[in-house]
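# Coordinate analysis (summary)
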Amino acid sequence: MAGTLRALMLRLAPYLVTALLGVPILAGTASLILPAWNYFPAAGLKEFSALPWQLLSGYPGIMTSFFLTLWTGLGATLLSLTATLGFISFCWQSGWWRVARKLLAPLLAVPHVAFAIGFAFLVAPSGWLLRLISPALTGWHHPPNWQTVQDPMGLALMLAMSLKEIPFLLLMSMAALSQIDVERQVWLGRSFGYSPHRVWYKLLLPQLYPSIRLPVFAVLAYSLCVVDMALILGPNRPATLAVQVYHWFNDPDFHWKTIAAAGALTLLLTTLACIGLLVFIEATWRKLGRFFLVNGRRGGKGRVPGAITRIHIGLTLVTSCMVAAGLIVWSLARRWPFPANVPTRWSLSNWIREAAFFGDPLRTSLVIATVVSIGALALVLFSMEYQASNDRRWPLLAICLPLLLPQLSMLFGVRLLAIRTGLQAQFPLVLWGHLLYVFPYVYLCLAGSYFAFDPRYMHTALALGRSRVYVYFRVKLPLLIKPVLFSWAVGFGVSILQFLPTLILGQGRYPTVTTEAVAIATGGNRRMAAIYALLQLLSSVFAYGIALGWPRWLAHRLKCGESC
């Protein structure tokens, strides 16, 4: 019976993934096209015209919004990619590398919104950085009249996004490096007189980049279309194009939705064009850069770029720690005048007062994250077992499609499709919206370990007369328990940080700690924003704690059992 059920689930796996992820994505994205050309029966518009595009192109400040989107999105992607590849080249297997491996899970656990709120606490004119050096070094007893948050150039947004994406790219790079014989190639390169970073530059990075190409595209798509971090850190006069489309979409006047559809379609085309630009640069580098790879020059030891890379990574780690510390301090601050380094009065009254209000959003966040992360993990395990059984891998491009398409455009299209089909805001629709983005992350985190599993363990157990189901649950899953639980924790954290799927598909009827944190942060209440950001952070840390602690507990229990 169990074997029949397993075979049925494996056979249904590809159809389930296609039905849950593929079809709605394509249908939702396609449903943008009709409203963008003024065909929107819900608003009484039944004739095609180019009016939405004319209104979009004539909207005040739209070109500035468009260039701000390109500037912040491309800038954040290139900064995070450069820092990641530089760190790998200069710090491989060094003390920095070991520290980064230990801190990777806590850094990944910090949600984007929590990071943005904490980052704003640091770099604001009255933020912690200026408090630490004032008035001793600056002579200031009042905050300067600077605009370091929501600045017109979008520098705070770009810097925060780049710092937040470095741990993700580093995780994907570590998974890809496990499939490359790095030690032997570094040894071979050094035997020819090349310095370690030259070996990486000429030999290893050209092998690594194709493996992390899709995660880089995902970072680019997110950076171009980010809304939650842009609402907190980004410019607002004018805002980036994604934020502008978000405001149009939320306008109660249905006619603005046609302009929003045109804007969302513009975002989609812009993202595809930027991905095409990266592909073109990579292809050009393969042809023109070959001379630099094989010219035989040993070069210097790279002390200056190595020092810059270590400083950059050090600042990333310090900033992340200060972000978490700043959230804790602000949540406990009763009175904190400038330029005091720490609050002059501490109190738990902020937590006590808000406890009556954050219970429901926190419960909703945890329920959604638990259901979605477990569902996504089960779907990923069935999908991978199906591929392993048939010895056929699905293309990663199809798996990562939700990450490569602009979130706002896709969800906006799904919402328009729901309006057209008469669907109202429903909890299952919100769950599906989260599953759409949790599934690719769980898949990416687990794929390397799962497909590298040695099948001889299974064959040996099967030769002893055990069923496939028994061997799978008693041999394969226990051996893969660490990556499986880590992938689940990543999925849980991704679900916790989802802002647009909760808000657009739930129409604001299912508030979570993320939606509340963004709403409060944009209102300027630092203490309340810190509390909700900490709730986000603690929820993710709780999941990572289970993922890291459970395997150790099982191992300890096994040792106790053997010794007894």
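Within each chain, residue numbers correspond to sequence positions counted from 1 in written order. Per-residue local features are limited, in this predicted model, to residues with pLDDT of at least 70; the limit for side-chain atom pairs, both in listing and counting, is 80 or more; totals at the level of whole chains, interfaces and linings are taken over all residues. Think of the side-chain values as coming from all heavy atoms in the structure, minus any hydrogens and water.

## Here's the deal with the state of the cysteines
The term disulfide is used for any two cysteine sulfur atoms that are within 2.5 Å. Applying the stated criterion across every chain, the model contains 0 disulfides. In this structure C274 is a free cysteine whose sulfur lies 9.1 Å from that of C225, the closest cysteine sulfur available. Overall, the relative accessible area of 5% leaves C274 in the buried class. The cut-offs for exposure are 20% and 50% of the maximum accessible area for each residue type, with area from a 1.4 Å probe on protein chains only; residues under the lower value are buried, those over the upper are exposed, and the others partly exposed.

## Comments concerning the side chain of S495
Secondary structure elements follow DSSP: runs of H or I no shorter than four residues count as helices, runs of E no shorter than two count as strands, and numbering proceeds from the N terminus. Position of S495 among the secondary structure elements: in helix α23 (residues 481-496). Polar contact is the term for a pair of N or O atoms within 3.5 Å; when the atoms are in protein, one must be able to donate a hydrogen and the other to accept it, and sequence-neighboring residues count only if both atoms are side-chain atoms. Reaching out from S495, the side chain makes a polar contact with the side chain of H434 at a distance of 3.0 Å. By definition, residues are in contact when any of their heavy atoms lie within 4.5 Å. Aside from chain neighbours lying at most four places away, what touches S495 is I368, A369, V372, H434 and V438.

## Some details on empty space enclosed by the protein
Cavities and pockets are defined on a 1 Å grid built over the protein atoms alone: a cavity is a set of grid points where a 1.4 Å probe fits but cannot escape, while a pocket is an open set with protein on both sides within 12 Å along at least five of seven lines, and lining residues are those with an atom within 4 Å of any such point. Grid points are joined across faces, edges and corners, and a volume is the space filled by probe spheres set on the points. Counting across every chain of the model gives 4 cavities of 30 Å³ or more. Lining the largest cavity are 34 residues; nearest its centre among them are H112, Y222, Y441, L497 and Q498. Listing elements by their share of the lining of the largest cavity, those giving two or more residues are α5 (95-109), α8 (155-177), α10 (196-225), α18 (401-404), α20 (427-451), α23 and α26 (526-563). Along its surface, the second largest cavity is lined by F87, A100, L107, I166, P167, L170, I313, T316 and L317. If you list the elements that add at least two residues to the lining of the second largest cavity, you get α5, α8 and α15 (303-332).

## Here we look at the confidence of the model for the protein
Mean pLDDT over the protein works out to 85, with 96% of the residues at or above the 70 mark. Confidence scores per residue from the predictor, reported as pLDDT, run from 0 to 100. When mean pLDDT is compared element by element in the protein, helix α4 (residues 62-91) scores highest at 92, while helix α1 (residues 2-30) scores lowest at 70.

## As for the environment of M158
Tracing the sequence through the fold places M158 in helix α8. Its relative accessible area of 8% is what places M158 among the buried residues. Separated by 83 residues in sequence, M158 and G75 place their C-alpha atoms 6.5 Å apart. Not counting chain neighbours up to four residues away, the residues in contact with M158 comprise W71, T72, G75, A76 and L79.

## Quick word on the packing of helix α19 (residues 407-420) against α20
Inter-axis angles, ranging from 0 to 180 degrees, are taken between N-to-C directions of lines fitted to C-alpha atoms, where helices are fitted over the stretch in contact. Put simply, α19 and α20 touch, their axes get as near as 12 Å, and they point 150° apart. Between α19 and α20, the interaxial angle falls into the category roughly antiparallel. α20 is crossed by α19, and the crossing has right-handed handedness. Contacts between α19 and α20 pair Q407, M410, L411, V414 and R415 from the former with L429, W432, L436 and Y437 from the latter. Orientation labels follow simple angle bins: below 35 degrees gives roughly parallel, above 145 gives roughly antiparallel, 65 to 115 gives roughly perpendicular, and whatever is left gives oblique. In this scheme the crossing of two helices becomes right-handed for a clockwise turn of the near helix relative to the far one and left-handed for an anticlockwise turn of less than a right angle.

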